[in-house]
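Understanding the architecture of this molecule
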Amino acid sequence: MNRRRRIYEGKAKILYEGPEPGTLIAHFKDDATAFDGKKHEIIDGKGVLNNRISDYIFTNLNKIGIPTHFIKRLNMREQLIREVEVIPLEVVVRNVAAGSISKRLGIEEGTQLPRSIIEFYYKNDALGDPMVSEEHVTAFGWSNPQEMDDIMALAIRVNDFLSGLFLSVGIRLVDFKIECGRLWENDTMRIVIADEISPDSCRLWDIETDEKLDKDVFRHDLGNMLNAYQEVARRLGILNETQERSTSGPTLVK
Ligand code: TMP
Ligand code: ASP
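The present account deals with the structure reproduced in this document. For clarity, every value in this text was computed on a predicted model and none was experimentally measured. (Residues numbered from 1 in each chain as written. Chains lettered and ligands numbered in written order. Predicted model: local features only at pLDDT ≥ 70, side-chain atom pairs only at ≥ 80, totals over all residues. Heavy atoms only, no water.)

1. Concerning the overall build of the protein
Convention followed: Secondary structure elements follow DSSP: runs of H or I of four or more residues count as helices, runs of E of two or more count as strands, with numbering from the N terminus. As a reference, a globule follows 2.2 Å times the number of residues to the power 0.38, and the radius of gyration itself is taken over C-alpha atoms. Per-residue accessibility, obtained with a 1.4 Å probe over protein chains only, is compared with the maximum for each type, and a residue is labelled buried under 20%, exposed over 50%, and partly exposed between these values. Any two residues whose heavy atoms approach within 4.5 Å are treated as being in contact.
Counting secondary structure elements, the protein contains six helices and 14 strands. Scaling as 2.2 N^0.38, a compact globule of 254 residues should have a C-alpha radius of gyration of about 18 Å, and the protein matches this with 18 Å. For the protein, the spread of C-alpha atoms along the three principal axes comes to 50 × 45 × 35 Å. Looking at the protein residue by residue over its 254 residues, the buried ones come to 49%. For the protein, restricting intrachain contacts to residue pairs at least 6 apart in sequence, the fraction spanning at least 24 positions comes to 57%.

2. Some remarks on helix 1 (residues 46-63)
Quick note on the threshold: Residue count minus one, scaled by 1.5 Å, sets the expected span of a helix.
Look at helix 1: 26 Å from first C-alpha to last across 18 residues, which is about the 26 Å you get at 1.5 Å a residue. Along helix 1, 14 of the 18 residues are buried, which leaves the element largely enclosed by surrounding structure. Just downstream of helix 1, Gly65 is the residue with a positive phi angle, here 85°.

3. Observations regarding the site of ligand 1
Rules: Neighbouring residues are identified by heavy atoms, a residue being near a molecule or strand if any of them is within 4 Å of it. N or O atoms within 3.5 Å of each other form a polar contact, as long as, within protein, one can give a hydrogen and the other can take it, and as long as residues adjacent in sequence are counted only when both atoms are side-chain atoms. Areas reported as accessible are Shrake-Rupley estimates using a 1.4 Å probe. Residue values count occlusion only from the protein chains shown. When residue character is reported, Ala, Val, Leu, Ile, Met, Phe, Trp, Tyr, Cys and Pro are called nonpolar, Asp, Glu, Lys and Arg charged, and the others, Gly included, polar.
Around ligand 1, a shell composed of 16 residues is seen, among which Arg94, Ser100, Asp175, Lys177 and Arg203 lie nearest. Between ligand 1 and the protein, one listed contact pairs an oxygen atom with a side-chain N or O atom of Glu90 at 3.4 Å. Between Ser100 and ligand 1, the recorded distance is 2.6 Å, taken from a side-chain N or O atom to an oxygen atom. In isolation ligand 1 offers 450 Å² of accessible surface; the protein chains occlude 79% of this area. Elements represented by at least two residues in the shell around ligand 1 include exactly strand 9 (89-96), helix 2 (99-105), strand 12 (171-185) and strand 14 (202-206). Residues belonging to the shell around ligand 1 are distributed by class as follows: five nonpolar, three polar and eight charged.

4. Let's talk about the pairing of strand 1 (residues 6-9)
Note the following rule: Two strands form a pair only when DSSP identifies at least two bridges running between them.
Bridge count for strand 1 against strand 2 (residues 13-17) is three bridges, and the pairing is antiparallel. Note that in strand 2 the partner of Tyr8 across the bridge is Leu15. Remark: three residues form the turn of the hairpin made by strand 1 and strand 2, two consecutive strands paired antiparallel.

5. Considerations on the environment of Glu208
For Glu208, the position within the fold is in the loop between strand 14 and helix 5 (216-219). Distance from Glu208 to Phe166, taken between C-alpha atoms, is 13 Å for residues 42 residues apart in sequence.

6. Regarding the packing of helix 1 against helix 6 (residues 225-235)
Geometrically, a packed helix pair is captured by the angle between its two axes and the distance between the axes. Definition in use: Structural elements are reduced to axes, namely lines fitted to C-alpha atoms, with helices fitted over the stretch in contact, and the angle between N-to-C directions of any two is expressed from 0 to 180 degrees. If an angle is under 35 degrees, it is roughly parallel; if it is over 145, roughly antiparallel; if it lies from 65 to 115, roughly perpendicular; otherwise it is oblique. For any helix crossing, the convention is left-handed if the near helix is rotated counterclockwise from the far helix by under a right angle, and right-handed if that rotation is clockwise.
Contact geometry for helix 1 and helix 6: axes closest at 10 Å, N-to-C directions at 25°. The angle between helix 1 and helix 6 falls in the class roughly parallel. Considering how the two elements wind past one another, helix 1 and helix 6 form a crossing that is left-handed. Packed against helix 1, whose contacting residues are Lys46, Leu49, Asn50 and Ile53, the element helix 6 presents Met225, Leu226, Tyr229, Gln230, Val232 and Ala233 at the interface. Here the residues of the contact of helix 1 with helix 6 sort into seven nonpolar, two polar and one charged.

7. A word on the site of ligand 2
Inspection of the region around ligand 2 gives Lys11, Thr33, Ala34, Phe35, Asp36, Gly37, Lys215 and Arg219 as its neighbouring residues. One of the side-chain nitrogen or oxygen atoms of Lys11 is found 3.3 Å away from an oxygen atom of ligand 2. For ligand 2, an oxygen atom lies 2.2 Å from a polar atom in the side chain of Thr33. When isolated, ligand 2 has an accessible area of 260 Å², and the protein chains bury 77% of it. Among the residues making up the shell around ligand 2, the classes are represented as two nonpolar, two polar and four charged.

8. Let's talk about the sheet that holds strand 1
Reading across from one edge, 1-2-3-7-6 is the order of the five strands in this open sheet, with antiparallel pairing throughout. Lying at the two open borders of the sheet, with one neighbouring strand each, are strand 1 and strand 6 (70-73). Neighbour to neighbour, the strand axes of the sheet diverge by 25° on average, direction disregarded. Bridge count between strand 6 and strand 7 (residues 78-82): three bridges; the pairing is antiparallel. Paired with Phe70 across the two strands is Ile81, which belongs to strand 7. Contacting strand 3 (23-28), strand 6 and strand 7, helix 1 crosses the sheet at an angle of about 130° to strand 6.

If you want it as structure tokens, here you go:
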């Protein structure tokens, strides 16, 4: 163990060389960061929860035919993934106003948006991940129009799936961020969902109380982040791994 070659270390994950060519192992760390890393803490157990929640979501995306880089979870902190060429964009889908859109456009947090809105941010920590338009993306060659069509179609499918999944457990999906990559199989390429989908990359509010069950708890010191993430896992029926792996799916919260 741990003689593996480290390929990349980010703020929340480490990528190692995988067991076969074209695979990698993603290791989920306990580091919580916000505001481009200016706020940083170690939250014991966060990596385990994000690994499990992201496993649950990606497994289900794969099952309904939304392609992802995910192969399988290996253990508490690691998952086996396909190596992809990551497109340097954070693709944000918003259903309800919160965070930067509320600030930028003066829309009160919690306002339902007239329709789901997709935004692109250029992944560059030094620049603070600036928002960009499709024009910037294609002009600078980060992606091309055909890929952008695929990315937007995938983003909407993920939004529909996640909105329904979370609604069924009493959670409103306010917004989320995905990253996409190019997966090469012989000479053909397709766009797949990469990175992770977890309470680090979503805004999740209790449907009744608007209680925040995501990284905003950490960003804005709203309470115990781990408890919030555990609550998401509990509602999805995946908190207690000693129980038989849930076949009944998520439990409806009344
Ligand atoms: P924003 O309102 O700060 O722009 O965030 C929109 C969504 O994207 C929210 O669910 C949090 C997520 N997000 C990330 O996952 N990583 C980031 O670096 C940022 C800024 C937001
Ligand atoms: N992920 C970014 C950071 O670590 C920003 C955020 O999620 O608020 O700084």
